[in-house]
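Examination of the molecular architecture
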Amino acid sequence: MVLDAPDAHELADFYRRLLGYEVRAEEPDWVLIGPPFGGIALAFETEPLYTPPVWPAGPGDQRMMLHLDIEVDDLAEETAHAVGQGARLADHQPQDDVRVLFDPAGHPFCLWVDTRGRRGRG
């Protein structure tokens, strides 16, 4: 998965700090990060014409094409951590067990807790 951003290195650094990932590869306009011991990686690419999505979107707004759902054990603690790393809490919060935030490039992402005793949302 590749996320576009005005500055790939800046956004990769945000997610590296947020998730505890490490840089696996980088080029001037592209960065790949992933967990220290293998697993799913995220890539970031500089897109000079990047326009952040609007959430929730209205007619004619730039819509998000995808968003990341990140399962956490402590919603309040991890929300504070995300904000401390540079995320912004969305004004609209549709669920009690989910927090919608925006990364520094404006991509929405969700932190959520498993309130039903199951692992994973998918």
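Rules used throughout
- Residues numbered from 1 in each chain as written.
- Predicted model: local features only at pLDDT ≥ 70, side-chain atom pairs only at ≥ 80, totals over all residues.
- Heavy atoms only, no water.
- Patch = residues over 30% accessible without salt bridge, like charges linked within 9 Å, V, L, I, M, F, W, Y side chains within 5 Å.
- Areas by Shrake-Rupley, 256 points an atom, 1.4 Å probe, with all protein chains shown as cover.
- Salt bridge = Lys/Arg side-chain N within 4 Å of Asp/Glu carboxyl O.
- Lys, Arg positive; Asp, Glu negative; His and termini not counted.
- Charge placed at Lys NZ, Arg CZ, Asp CG, Glu CD.
- Helix = DSSP H or I, 4+ residues; strand = E, 2+ residues; numbered from the N terminus.
- Pairing = 2+ DSSP bridges.
- Axes fitted to C-alpha atoms, helices over the stretch in contact; angles between N-to-C directions.
- Contact = heavy atoms within 4.5 Å.
- Core = buried A, V, L, I, M, F, W, Y, C linked by side-chain atoms within 4.5 Å.
- Buried < 20%, exposed > 50% of the residue type's maximum accessible area, 1.4 Å probe, protein only.
- Arc of directions from axis to C-beta.
- Polar contact = N/O pair within 3.5 Å; in protein donor to acceptor, adjacent residues only side chain to side chain.
- Phe/Tyr/Trp six-rings, centres within 6.5 Å; stacked < 30°, edge-to-face > 60°.

Moving on: a negative patch on the surface. A surface patch of negative charge is lined by Asp 4, Asp 7, Glu 10, Glu 27, Asp 29 and Glu 45. By secondary structure assignment, the location of Asp 4 is in strand β1 (residues 2–5).

This part covers the sheet that holds strand β8 (residues 108–112). Across the sheet, which stays open at both edges, the four strands sit in the order β5-β8-β7-β6 with mixed pairing between neighbours. On the outer flanks of this sheet lie β5 (68–71) and β6 (88–89), each paired with one strand and no other. Note that β6 and strand β7 (residues 98–102) share two bridges and pair antiparallel. Counterpart to Arg 88 in the pairing with β7 is Phe 102.

So, about the sheet that holds strand β2 (residues 22–27). Taken together, the four strands give an open sheet; going across it, the order is β1-β4-β3-β2, and neighbouring strands pair in mixed fashion. The outermost strands of the open sheet, each flanked by one partner alone, are β1 and β2. Pairs of neighbouring strands in the sheet enclose a mean axial angle of 20 degrees, with direction left out of account. Summarising the sheet, β1 and strand β4 (residues 42–46) pair through four bridges and their orientation is parallel. Directly across from Leu 3, in β4, lies its bridge partner Phe 44. Where helix α1 (residues 8–19) meets the sheet, its contacts fall on β1, β2, β3 (30–34) and β4, and the angle it forms with β3 comes to roughly 5 degrees.

Here we take up the nonpolar core. Counting residues in hydrophobic clusters, the biggest one holds 24 residues, and the most contacted among them are Leu 11, Tyr 15, Phe 44, Phe 109 and Leu 111. Of all elements in the fold, only β1, α1, β3, β4, β5, α2 (75–85) and β8 reach the threshold of two or more residues within this core. For this core, the leading source of residues is α1, giving six residues.

On to α2, then. Taken together, the buried positions of α2 are occupied by Leu 75, Thr 79 and Ala 82. The arc that holds the buried residues of α2, viewed along the axis, is 60 degrees, so those residues lie on one side. The exposed set on the far side of α2, more than 90 degrees from its buried face, consists of Ala 76, Glu 77, Ala 80 and Gly 84. On its buried face, α2 sits against α1, β6, β7 and β8. Two or three places before Ala 76, at the opening of α2, Asp 74 has a side-chain oxygen 3.2 Å from that residue's backbone nitrogen. Two residues or fewer past α2, Gly 86 is found with a positive phi of approximately 120 degrees.

Along the chain, His 107 turns up in the loop between β7 and β8. Residues His 107 and Leu 3, spaced 104 residues apart in sequence, show a C-alpha to C-alpha distance of 8.6 Å. Side-chain polar atoms of His 107 contact the side chain of Tyr 50, separated by 3.3 Å.

On inspection of all chains with the given rule, the structure shows four aromatic pairs. Ring geometry for Tyr 15 versus Phe 44: centroids 5.6 Å apart, planes at 20 degrees, classification stacked. Of the two residues, Tyr 15 sits in helix α1 while Phe 44 sits in strand β4, which places them 29 residues apart along the sequence. Classification of Tyr 15 by relative accessible area gives buried; the value is 1%. Pairwise contacts between aromatic rings join Phe 14, Tyr 15, Phe 44 and Phe 109 into one cluster.

By themselves, these observations are geometric and do not establish any function.
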